[in-house]
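# Survey of secondary and tertiary structure
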Amino acid sequence: MSVRELALTALSARLSAALALRNPAAKLLRNETAPQRLPPGGLVVLRDGETVEETPILSPLAWQIEHRAVVEVVATSTAVLDALLVEIGAAITADRTLGGAVEWAQPGAPGFDDVETEGAAAVRAAAIPVTLVFTVAGSPLA
């Protein structure tokens, strides 16, 4: 398994544990399409994102990778959305190494949007960029 996949799996596990503890009615998905019906506690979708920077470190060759994942949050009310955002931020900042999977995890400021759903009122959504910094040996693909 690549270091990138380990980092994303650790982020997913961290978010899952935080939601299970503080908001068990919320649902967490990874790289999936949002379901037709929103869970009452809101929906969180982790998108793998992309590598935004690769910095070579010489002797021995290694690469410091900056990868940006996106956590999409959808909720039926502003209060639920806000609570989910606070929970996600707290989960990441409580252990910025994600159990040793990364050197640093940094949530960014969310971007907000209204999402139209078929047969229902518009819901609030937010996208949180999460920067994951880690080092891999030999190749950025490791």
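Refer to the structure presented above.
The numbering scheme is per chain: residues are counted from 1 as the chain's sequence reads. Where local features are concerned, this predicted model is filtered to residues with pLDDT of at least 70; where side-chain atom pairs are given and counted, the filter is 80 or more; whole-chain, interface and lining totals use all residues. Side-chain calculation: all heavy atoms of the structure are included, whereas hydrogens and water are not.

## Points about the environment of Ala91
Comment: elements are numbered from the N terminus, with helices defined as DSSP H or I runs of at least four residues and strands as E runs of at least two. Mapped onto the fold, Ala91 is located in helix α2 (residues 78-94). Judged by relative accessible area, which is 3%, Ala91 ranks as buried. For Ala91 and Val80, which are 11 residues apart along the polypeptide, the C-alpha to C-alpha distance reads 16 Å. The contacts of Ala91, once residues within four sequence positions are left out, are Arg14 and Ala18. Relative accessibility thresholds used throughout: buried, under 20% of the residue-type maximum; exposed, over 50%; partly exposed, between the two (1.4 Å probe, protein chains only). Throughout, a residue-residue contact means that at least one pair of heavy atoms, one from each residue, lies within 4.5 Å.

## A few points about unusual backbone geometry
Put simply, Ser59 and Pro60 share a cis peptide bond, and its omega is -10°. Tracing the backbone shows Pro60 in the loop between β2 (43-57) and β3 (62-75). The phi dihedral of Asn31 is positive, around 55°, even though this residue is not glycine. Tracing the backbone shows Asn31 in the loop between β1 (27-30) and β2. Located in the positive-phi region is Ser59, a residue other than glycine, with phi close to 60°. Along the chain, the position of Ser59 falls in the loop between β2 and β3.

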